[in-house]
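# Structural description and commentary
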Amino acid sequence: MLKFFFSLLISTLTVLSVLASVYSENKVSSKEIKWDKIYDGISFMERDYGKWFKKGKLYAIKLSKPRKIKFLKNTKDHTSLDELEKKYKSLIIINGSYFDEKYKPVGLLKIDDKIIKDKNDLGSSGILAIKDSEVNIFNKKEYAKYKNFPNLMQNGPLLVEENGKQGIYSDDHEYTSRTTIGITKKDEILIVIADRAASPSLWEISQLLSKNENEGGFNCRKVINLDGGSSTGLRINLPNKKLVVEENDFINNAIGVF
């Protein structure tokens, strides 16, 4: 009988060990991170991410050369990435900022020097500023320093703060699809999309973006969280790369790479 219970204990510990391994987040070594050049100055990477038996995808786009980046919006409040891509002919397009139930932006949105929505002092902590190929990400407290930028979008939270510090300090275990844009320590623009099956928490995606490449991370110095959940979407329309991650709802605006 004792031998039977000892055998059962060993089997149970083995199963728990396997489950713990499956449950742990994907840790990808730098040797496994492979960037594919898909256009001049544009690299792409796709990798598995998930927990338990559920695995999703992380899609990453890196801009190593200056490219024009624009905020995109239709005259009506609700739109889609498909509609905006066809209208503006972007090479890459992702969903943009948060909006309310009437598809109106809830934070600062300024496009081509036109303020569509004023800064929300009670809203998200970060602001994305774009002027042609120049991208800045900053806390809304620094708004006065950047208010003359022609394109401003309030979003958040800041997933990676100044100089690569992880911006999320605890894990709320709220899992959903994510859309992020940031700047690496090599001054490259980085877009990372996590699909619904991947569904990282803010803490998990923040950790991944702030880690060094030899730890399987993206080595960012600043990253801002964009609208996620059902808004998360991505379209790549390049001669050597076509990809669609379909959003599950209408959106108010988007960010396009040209």
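A short tour of the structure in this document, coming up. Worth saying up front: this structure is predicted, and the values here are computed from it rather than measured.

## Some details on the side chain of lysine 241
Looking at the element boundaries, lysine 241 is found in strand 17 (residues 241-245). The side chain of lysine 241 is buried and forms no salt bridge, while glutamate 46, the nearest opposite charge, is found at 4.7 Å.

## Some words on the sheet that holds strand 7 (residues 114-117)
With antiparallel pairing, 5 strands are arranged side by side in an open sheet as 7-6-10-8-9. The open sheet has two edge strands with one neighbour each: strand 7 and strand 9 (134-139). Strand-to-strand twist across the sheet, computed as the mean angle between neighbouring axes with direction ignored, equals 20°. Of the strand pairs in this sheet, strand 8 (residues 126-131) and strand 10 (residues 151-155) are connected by 5 bridges, and their pairing is antiparallel. Counted as the bridge partner of isoleucine 130 is asparagine 151 from strand 10.

## A few points about helix 4 (residues 202-210)
Since the α-helix turns once every 3.6 residues, residues separated by three or four places project in the same direction. Most of helix 4 sits inside the fold, with 8 of its 9 residues counted as buried. Turning to helix 4, its buried residues number three or more, namely Leu202, Glu204, Ile205, Ser206, Gln207, Leu208, Leu209 and Ser210.

## Quick word on the side chain of arginine 67
Residue position: arginine 67 is located in the loop between strand 3 (54-63) and strand 4 (69-72). For the buried arginine 67, no salt bridge exists, and the shortest N-O distance to an oppositely charged side chain is 4.9 Å, to aspartate 40. Sequence-distant contacts of arginine 67, defined by excluding residues within four places in its chain, comprise Tyr39, Asp40, Ile42, Leu91, Asp132, Ser133, Val257 and Phe258.

## What about the packing of aromatic side chains?
Here the structure, examined in full by the defined rule, presents 6 aromatic pairs. Here tyrosine 103 and phenylalanine 250 contribute two aromatic rings whose centre-to-centre distance is 6.2 Å and whose plane-to-plane angle is 85°, an arrangement assigned as edge-to-face. Here tyrosine 103, found in the loop between strand 5 (92-95) and strand 6 (109-111), pairs with phenylalanine 250, found in the loop between strand 17 and strand 18 (254-257); they are 147 residues apart in sequence, far enough to count as distant. A relative accessible area of 19% places tyrosine 103 in the buried class. On the accessibility criterion, phenylalanine 250 (42% relative accessible area) is partly exposed. Ring-pair connections join several aromatic residues into one group, and the members of that group are Phe99, Tyr103 and Phe250. Directly above the ring of phenylalanine 258 sits lysine 70, whose terminal nitrogen or CZ lies 5.9 Å from the centroid.

## A word on the sheet that holds strand 13 (residues 178-184)
A sheet is described by the order of its strands in space; here 8 strands give the open sequence 1-2-3-14-13-15-11-12, paired in antiparallel fashion. Two strands bound the open sheet, and with one partner strand each, they are strand 1 (36-39) and strand 12 (165-166). Together, strand 2 (42-51), strand 3, strand 11 (158-161), strand 12, strand 13, strand 14 (189-194) and strand 15 (220-225) form the strand contacts of helix 4, whose direction differs from that of strand 11 by roughly 30°.

## A closer look at the environment of leucine 63
Looking at the secondary structure, you find leucine 63 in strand 3. Overall, leucine 63 belongs to the buried group, its relative accessible area being 4%. On a C-alpha basis, the gap between leucine 63 and aspartate 187 in space is 9.2 Å, while along the polypeptide they are 124 residues apart. Beyond its immediate stretch of four places on either side in the chain, leucine 63 contacts Gly41, Ile42, Ile69, Glu188, Ile189 and Val257.

## Thoughts on the layout of surface pockets
Quantified by volume, the largest pocket comes out at close to 180 Å³. Looking at the largest pocket, it is lined by 14 residues, and the ones nearest its centre are Ser133, Val135, Ile183, Asp187 and Ile189. Every element with two or more residues in the lining of the largest pocket is listed here: strand 9 and strand 15. Per-class residue counts for the lining of the largest pocket are 6 nonpolar, 3 polar and 5 charged.

Conventions adopted
- Residues numbered from 1 in each chain as written.
- Predicted model: local features only at pLDDT ≥ 70, side-chain atom pairs only at ≥ 80, totals over all residues.
- Heavy atoms only, no water.
- Helix = DSSP H or I, 4+ residues; strand = E, 2+ residues; numbered from the N terminus.
- Buried < 20%, exposed > 50% of the residue type's maximum accessible area, 1.4 Å probe, protein only.
- Lys, Arg positive; Asp, Glu negative; His and termini not counted.
- Salt bridge = Lys/Arg side-chain N within 4 Å of Asp/Glu carboxyl O.
- Pairing = 2+ DSSP bridges.
- Axes fitted to C-alpha atoms, helices over the stretch in contact; angles between N-to-C directions.
- Contact = heavy atoms within 4.5 Å.
- Phe/Tyr/Trp six-rings, centres within 6.5 Å; stacked < 30°, edge-to-face > 60°.
- Lys NZ or Arg CZ within 6 Å of the ring centre and 35° of its normal.
- 1 Å grid on protein atoms, 1.4 Å probe; cavity = no way out; pocket = protein on both sides within 12 Å on 5 of 7 lines; lining within 4 Å.
- Points joined across faces, edges and corners; volume = space filled by probe spheres on them.
- Nonpolar A, V, L, I, M, F, W, Y, C, P; charged D, E, K, R; others polar.

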